[in-house]
Amino acid sequence: MEEKTAMTYKLKSKTKIIDDEYIINKKENKKIPEKIIEAILFGCAAISVLSVAVITIFIFYRGVPAIIEIGLFDFILEKTWRPLNGEFGILAMIIASIIGSFGAIAIGGLIGIFTSVFLAEIAPKFLLVIFKPAIELLAGIPSVVYGFFALVVIVPIIDDLFGGGGNSLLAVIIVLAVMILPTIINISEVSIKAVPREYKEGSLALGASHIETIFKVILPAAKSGILASVVLGFGRAVGETMAVILVCGNTVQIPNSIFDRVRTMTANIALEMSYAHGLHQEALFATGVILFTFIMLINLALNLIVRRVGEV
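Residues numbered from 1 in each chain as written. Predicted model: local features only at pLDDT ≥ 70, side-chain atom pairs only at ≥ 80, totals over all residues. Heavy atoms only, no water.

Asker: Which parts of the structure should I look at to understand the packing of aromatic side chains?
Answerer: The geometry of two aromatic rings is summed up by the distance between their centres and the angle between their planes. A complete count under the given rule lists 8 aromatic pairs for this structure. With 5.9 Å between their ring centres and 90 degrees between their planes, F60 and F292 make a pair best called edge-to-face. In this pair, F60 is assigned in helix α1 (residues 2-70) and F292 in helix α13 (residues 279-311), connecting sequence segments 232 residues apart. The class of F60 is partly exposed, set by a relative accessible area of 30%. Members of the aromatic cluster, joined through ring pairs, are F102, F234 and F294. (Phe/Tyr/Trp six-rings, centres within 6.5 Å; stacked < 30°, edge-to-face > 60°. Helix = DSSP H or I, 4+ residues; strand = E, 2+ residues; numbered from the N terminus. Buried < 20%, exposed > 50% of the residue type's maximum accessible area, 1.4 Å probe, protein only.)

Asker: Just to check I follow, could you spell out a nonpolar patch on the surface for this structure?
Answerer: Side chains of F148, F149, L151, V152, V153, I157, L161, F162, I258 and F259 sit close together on the surface and give an oily, nonpolar patch of about 920 Å² of accessible area. Note that L161 resides in helix α5 (residues 143-162). (Patch = residues over 30% accessible without salt bridge, like charges linked within 9 Å, V, L, I, M, F, W, Y side chains within 5 Å. Areas by Shrake-Rupley, 256 points an atom, 1.4 Å probe, with all protein chains shown as cover. Salt bridge = Lys/Arg side-chain N within 4 Å of Asp/Glu carboxyl O.)

Asker: What's the story with the side chain of R263 in this structure? I'm lost.
Answerer: Along the chain, the position of R263 falls in the loop between α11 (242-247) and α12 (265-272). By relative accessible area, which is 12% here, R263 ends up buried. In terms of polar contacts, R263 uses its side chain to reach the side chain of E272, at 2.8 Å. Residues within four places of R263 in sequence aside, it is in contact with W81, A92, M93, A96, C248, N250, T251, V252, N268, L271 and E272. (Polar contact = N/O pair within 3.5 Å; in protein donor to acceptor, adjacent residues only side chain to side chain. Contact = heavy atoms within 4.5 Å.)

Asker: What am I meant to see in helix α7 (residues 181-193) here?
Answerer: Residue pairs spaced three or four apart in an α-helix point in one direction, given the helix's 3.6 residues per turn. With 13 residues, α7 extends 18 Å between its outermost C-alpha atoms, agreeing within 8% with the 18 Å of an ideal straight helix rising 1.5 Å per residue. Among the residues of α7, those classed as buried are L181, P182, I184, I185, S188, E189, S191 and I192. On its buried face, α7 sits against α3 (91-122), α4 (125-140), α6 (169-179), α9 (210-221) and α10 (223-239). (Expected span 1.5 Å × (residues − 1).)

Asker: Can you walk me through empty space enclosed by the protein in this structure?
Answerer: Gaps between atoms show up when a probe of the same size as a water molecule is rolled over them. Applying the stated criterion across every chain yields a total of 1 cavity of 30 Å³ or more. Taken as a whole, the largest cavity holds about 50 Å³ of empty space. Within the residue set of the lining of the largest cavity, elements represented by two or more residues are α3 and α10. If one sorts the elements of the lining of the largest cavity by residue count, α3 sits on top with 4 residues. (1 Å grid on protein atoms, 1.4 Å probe; cavity = no way out; pocket = protein on both sides within 12 Å on 5 of 7 lines; lining within 4 Å. Points joined across faces, edges and corners; volume = space filled by probe spheres on them.)

Asker: Any chance you could explain the layout of surface pockets here in plain terms?
Answerer: Taken as a whole, the largest pocket holds about 160 Å³ of empty space. Every residue lining the largest pocket is listed: A120, E121, I192, K193, V195, P196, R197, K200 and I218. The set of elements that each furnish at least two residues to the lining of the largest pocket consists of α3, α7 and α8 (197-205). Across the lining of the largest pocket, the residue classes tally to 5 nonpolar, no polar and 4 charged. (Nonpolar A, V, L, I, M, F, W, Y, C, P; charged D, E, K, R; others polar.)

Asker: I'm lost on the side chain of N167 in this one. Help?
Answerer: Of note, N167 is situated in the loop between α5 and α6. Reaching out from N167, the side chain makes a polar contact with the backbone oxygen of L246 at a distance of 3.4 Å. Once residues lying within four places of it in the same chain are set aside, the contact partners of N167 are L151, V155, L246, V247, C248, G249, D260 and R261.

Asker: What should I look at first to understand the packing of α3 against α10 in this one?
Answerer: For any two helices packed against each other, one specifies the inter-axial angle together with the distance between the axes. Contact pair α3 / α10: the axes reach a minimum separation of 10 Å and the direction vectors enclose 140 degrees. Between α3 and α10, the angle falls in the class oblique. Two packed elements cross with a definite hand, and for α3 against α10 that hand is right-handed. Note on element contacts: α10 touches α3 through I226, V230, G233, F234, A237 and V238, opposite S101, F102, A104, I105 and I113. Counted by class, the contact of α3 with α10 contains 9 nonpolar, 2 polar and no charged residues. (Axes fitted to C-alpha atoms, helices over the stretch in contact; angles between N-to-C directions. Parallel < 35°, antiparallel > 145°, perpendicular 65-115°, else oblique. Left-handed = near helix turned anticlockwise from the far one by under 90°.)

Asker: Mind showing me how you'd approach the environment of S143 here?
Answerer: Take S143: it is sitting in helix α5. Among residues more than four places away in sequence, those in contact with S143 are M179, E240, M242 and A243.

Asker: Honestly, the packing of α3 against α4 in this entry has me stumped. Any pointers?
Answerer: Across the interface, α3 lies against α4 with an axial gap of 10 Å and an inter-helix angle of 140 degrees. By the criterion of interaxial angle, the relationship of α3 to α4 is oblique. For the pair α3 and α4, the crossing hand works out as left-handed. Along its contact with α3, which presents T115, F118 and L119, the element α4 presents L127, L128, F131, K132 and I135. Here the residues of the contact of α3 with α4 sort into 6 nonpolar, 1 polar and 1 charged.

Asker: Where do I start with α9 in this structure?
Answerer: Compared with an ideal rise of 1.5 Å per residue, which puts 12 residues at 16 Å, α9 spans 15 Å between its outermost C-alpha atoms and is within 8% of the ideal. T213, I214, I218 and L219 are the residues of α9 that are buried. All buried residues of α9 lie within an arc of 140 degrees about the axis, which places them on one face of the element. Residues of α9 that are buried in the fold lie against α3, α7, α8 and α10. (Arc of directions from axis to C-beta.)

Have a look at this one:
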């Protein structure tokens, strides 16, 4: 009897060991596909980071020598751009880029935020069916189409109202304001919808109206995401090229009013890179260095603001 019990115990022990080994092997087999997928995801992330690093190194490698030769302060503070005469000043283009981008944010940001509020809190379902696809379509329109539309519609209107031909800084601001709308609307709408429902219910329960709840409770709670949308919209505006080329007038001068013709940094690079050579070509790469640095500094500053606002 004792021998049978011992044998049974040994058989059970062996069975348990076999089961444990099977479970361990099964877990190990499951880990292999997971590790492969993790490696693929890591590779994709590495490619993204590597692409940014390679582009950055290339731009600085080609542009920094020109900045050294011309002189940093002469390059960014001189307003005359005459490559054939050896004059490489981009101050006028820096000012045009800054005014155009901030003007677009001032107009497009306000319209975009109010539109996102309407879509997230006020619009009935039958209007959402119309507005949402229209905004998504707006995001998919190529920039050259925006520029062509502005050239044949907005520019003549500006010319009829204010004269001067219509190609101006104002036309740049308008077309950029329209182009950044989808970015600001979509991200702001998601941020507003992410606000906990209890905030709205608590405000309404305390006697606040719907509009008061939106502007005093929901928008402050979603301010971090809204500011993030403004940051992305600004990046889109300052980096836009084709639409700007078609409407800005492409005159290198410091604008005295929004009706003056201008040339942005991106437009200058696109217009002259095809035939530039020598120091002229390197100066265009140097313009890219300044533009790259400017965008990075602006994004860094705005991201710090977003973080601080989010902590409040």
